[in-house]
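Examining the three-dimensional arrangement
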Amino acid sequence: AQSVAQPEDQVNVAEGNPLTVKCTYSVSGNPYLFWYVQYPNRGLQFLLKYITGDNLVKGSYGFEAEFNKSQTSFHLKKPSALVSDSALYFCAVSSEKLTFGTGTRLTIIP
Amino acid sequence: AAGVIQSPRHLIKEKRETATLKCYPIPRHDTVYWYQQGPGQDPQFLISFYEKMQSDKGSIPDRFSAQQFSDYHSELNMSSLELGDSALYFCASSPGQGGWSDTEAFFGQGTRLTVV
């Protein structure tokens, strides 16, 4: 069985500071990992994915994520946070279906 | 670019009624997934279809059924509605062989179902 853990329900970051949203995973075989963002009353929007290749994956809106096989982690990062980044972020792992983490609410403080 | 279209966007039903949610995938996407997101919860996988055949089944209640039609749109039918069915229902579509391995899923805006 595959699973995803997002250990932080809430992350607060000051505008302009770097942000990290944590994700660890458990899956047999090679992982396919994704990050999605959900704004209030909106659908899930794809940010980035890791399939294979470079451990540092760059995605939409200046986000990036680092795949770490030894730590089974796929943390989402951004060098300088914007207030508009405030949203709910979901990490997900896939084999035949996508399994989501419980989500992390990111709040950027002006 | 065309996105995944879900209808209706909002739906209010009474207990024990039935509801039908529709999903229109991105053109040339042959795989459709349904997810349920309860208040403050992460999305939970319900069911998926590839080329009009059910490809996987998750935590979908027996009161729910779904199908994918020849034009690849999908409908989620929900009967004997309960208060606990109130949630945001997402549809997603992807191209490929029914798996996520090399594609990302494109999600619709969701249908917010409220059961009163």
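Overview of the structure. Once a new chain begins, its residue numbering starts again from 1 and follows that chain's sequence as written. Naming scheme: in the order in which they are written, chains are lettered from A and ligands are numbered from 1. Note on the predicted model: pLDDT of at least 70 is required for a residue's local features to be given, and 80 or more for side-chain atom pairs to be given and counted; whole-chain, interface and lining totals, by contrast, use all residues. Side-chain metrics in this entry use all non-hydrogen atoms of the structure; hydrogen atoms and water are not considered.

**Some remarks on the overall build of chain A**
Check the secondary structure of chain A and you find zero helices and 12 strands. Of the regular secondary structure in chain A, the N- to C-terminal order runs β-β-β-β-β-β-β-β-β-β-β-β. Principal-axis analysis of the C-alpha atoms gives chain A an extent of 40 × 30 × 20 Å. Exposure is judged per residue with a 1.4 Å probe applied to protein chains only, and the accessible area is read against the type maximum: over 50% gives exposed, under 20% gives buried, and values in between give partly exposed. Among the 110 residues that make up chain A, the fraction classed as buried is 45%. In what follows, residue pairs with any heavy atoms lying within 4.5 Å of each other are defined as contacts. Summarising the internal contacts of chain A: among those between residues at least 6 apart in sequence, 54% fall at separations of at least 24. Per-residue accessibility takes into account occlusion by the displayed protein chains alone, with areas from the Shrake-Rupley method and a 1.4 Å probe. Summed over its atoms, the accessible surface of chain A is roughly 5200 Å², and 49% of this surface lies on carbon and sulfur atoms. Charge counting follows a simple rule: Lys and Arg are positive, Asp and Glu are negative, and His as well as the terminal groups are ignored. Taken as the charge centre is NZ of Lys, CZ of Arg, CG of Asp or CD of Glu, depending on the residue. Here chain A carries 9 positive and 8 negative side-chain charges, and the mean point of each set is 4 Å from the other. A run of H or I in DSSP counts as a helix once it spans at least four residues, and a run of E counts as a strand once it spans at least two, with each numbered from the N terminus.

**Topic: the pairing of strand E12 (residues 104-109) of chain A**
Residue and element names in this part refer to chain A. Burial of E12 is one-sided: the residues Thr104, Leu106 and Ile108 facing one way are buried, the residues Arg105, Thr107 and Ile109 facing the other way are not. Bridge analysis of strand E2 (residues 10-14) against E12 gives five bridges, and the strand direction is parallel. Each bridged residue has a counterpart across the sheet, and for Ala14 the counterpart in E12 is Ile109. Where strand E10 (residues 87-94) lies against E12, three bridges are found, and the strand directions are antiparallel. In the sheet register, Tyr89 faces E12, and the bridge partner there is Thr104. Strands are treated as partners if at least two bridges between them are detected by DSSP.

**Let's talk about the environment of Thr31(B)**
Mapped onto the elements of the fold, Thr31(B) is located in strand E4 (residues 31-37). Sequence separation between Thr31(B) and Thr20(B) is 11 residues, and the spatial gap between their C-alpha atoms is 19 Å.

**A closer look at the nonpolar core**
One broad trend across soluble globular proteins is that nonpolar side chains are buried collectively. Put simply, buried Ala, Val, Leu, Ile, Met, Phe, Trp, Tyr and Cys residues joined by side-chain atoms within 4.5 Å make one nonpolar core. Of all hydrophobic cores here, the largest spans 28 residues; its most connected members are Leu19(A), Trp35(A), Leu47(A), Leu48(A), Phe74(A), Leu76(A) and Tyr89(A). When contributions to this core are tallied by element, the ones reaching two or more residues are E2, strand E3 (19-21), strand E5 (32-38), strand E6 (44-50), strand E8 (64-68), strand E9 (73-78), E10 and E12 of chain A. Counting residues per element, this core draws most heavily on E10(A), which supplies four residues. Excluding its chain neighbours within four sequence positions, the residues that come into contact with Tyr89(A) are Gln6(A), Trp35(A), Tyr36(A), Val37(A), Leu47(A), Phe63(A), Leu76(A), Gly103(A), Thr104(A) and Leu106(A). The next biggest cluster of nonpolar side chains, apart from the first, holds 22 residues, and it includes Val32(B), Phe49(B), Met78(B) and Ala87(B).

Note that all results are geometric; they support no functional claim without further evidence.
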